Amino acid sequence: MADIRIVWNADLLVGDWRLAGHVLDTDRELVTAIAIALFTHRTAEIEDEIPDGSADRRGWWGDAEAQEVHGGWPIGSRLWLIAREKQTEETRQRAEEYIHEAMAQFLDLGAVSAYDLTVDWFAHERLGAVITLYRGPQHSIEIRFETLWDQILEAA
């Protein structure tokens, strides 16, 4: 069974299910999985500095034993950790690192054969990411998150 396609509205910072006629659209489910992997909060590592100074490492409680319970991996990304960071090259590099970390599971499972990632400040306080997914002989899929910074701040 395929995943339901979620369409993201960057201006409203919300997602909604898309219909295909009278049924839920299951097209481009890989894009939905990538969006979930990037914009849900992965549990912070012990050494991570929490932006609000608290001890709340966030994440999903099931991540603690995901491998043992269901053969899974931690859900989400640590992008939320840079929500209060300044617009610097170091912040951009951390965003890129956190995206690579979230994308690793897609390579490990064979959902993609490779991907290209570009993360850059494309305007004042506007961090964006472009991910091009490769799936062997199939057509590549390009995903643009031009409001990446806004989505990180909203989720924080």
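Residue indices follow the written sequence of each chain, beginning from 1 at its first position. Per-residue local features of the predicted model are confined to residues with pLDDT of at least 70, and side-chain atom pairs are confined, for both listing and counting, to 80 or more; whole-chain, interface and lining totals are unaffected and use all residues. Neither water nor hydrogens contribute to the side-chain values; these are computed over all heavy atoms in the structure.

Engineer: Help me out: how do you make sense of the layout of surface pockets in this one?
Structural biologist: Here the idea is plain: a probe the size of a water molecule rolls over the atoms and shows the empty space left. Looking at the second largest pocket, its volume works out to about 230 Å³. Residues are called lining when one of their atoms sits within 4 Å of a cavity or pocket point, these points coming from a 1 Å grid over the protein atoms alone, where a cavity is a set in which a 1.4 Å probe fits but cannot get out and a pocket is an open set with protein on both sides within 12 Å along at least five of seven lines. The wall of the second largest pocket is formed by 12 residues, among which Ala33, Ile36, Trp73, Gln105 and Phe106 lie closest to the centre. Here the lining of the second largest pocket gets 4 residues from one element, more than from any other, and that element is helix H1 (residues 29-39). Amino acids are sorted into nonpolar (Ala, Val, Leu, Ile, Met, Phe, Trp, Tyr, Cys and Pro), charged (Asp, Glu, Lys and Arg) and polar (every other residue, Gly among them). Here the lining of the second largest pocket is built from residues that sort into 8 nonpolar, 3 polar and 1 charged. Grid points are joined across faces, edges and corners, and a volume is the space filled by probe spheres set on the points. Secondary structure counts use DSSP, requiring at least four H or I residues in a row for a helix and at least two E residues in a row for a strand, with both numbered from the N terminus.

Engineer: Please explain the pattern of salt bridges as it appears in this structure.
Structural biologist: In a structure, side chains of opposite charge can pair up when their charged atoms sit close to one another. Salt bridge, as applied in this entry: a Lys or Arg side-chain nitrogen positioned within 4 Å of an Asp or Glu carboxyl oxygen. Applying the stated rule across the entire model yields 7 salt bridges. Its salt-bridge partner being Glu101, residue Arg42 comes within 3.8 Å of it at the nearest N-O pair. With Arg42 in the loop between H1 and helix H2 (66-70) and Glu101 in helix H3 (residues 89-108), this residue pair connects regions lying 59 residues apart in the sequence. Here Arg42 falls in the buried class, since its relative accessible area comes to 12%. Categorising residues by exposure relies on relative accessible area from a 1.4 Å probe, with only protein chains included: less than 20% of the type maximum marks a residue as buried, more than 50% marks it as exposed, and the intermediate range marks it as partly exposed.

Engineer: In this structure, what is going on with the environment of Glu96? I would like to understand it.
Structural biologist: Mapped onto the fold, Glu96 is located in helix H3. What makes Glu96 partly exposed here is its relative accessible area of 24%. Here the alpha-carbon distance between Glu96 and Leu79, two residues 17 residues apart in the chain, equals 9.0 Å. Whether two residues touch is decided by their heavy atoms; if any such pair falls within 4.5 Å, the residues are in contact. When neighbours within four sequence positions are excluded, Glu96 is seen to be in contact with Leu117 and Val119.

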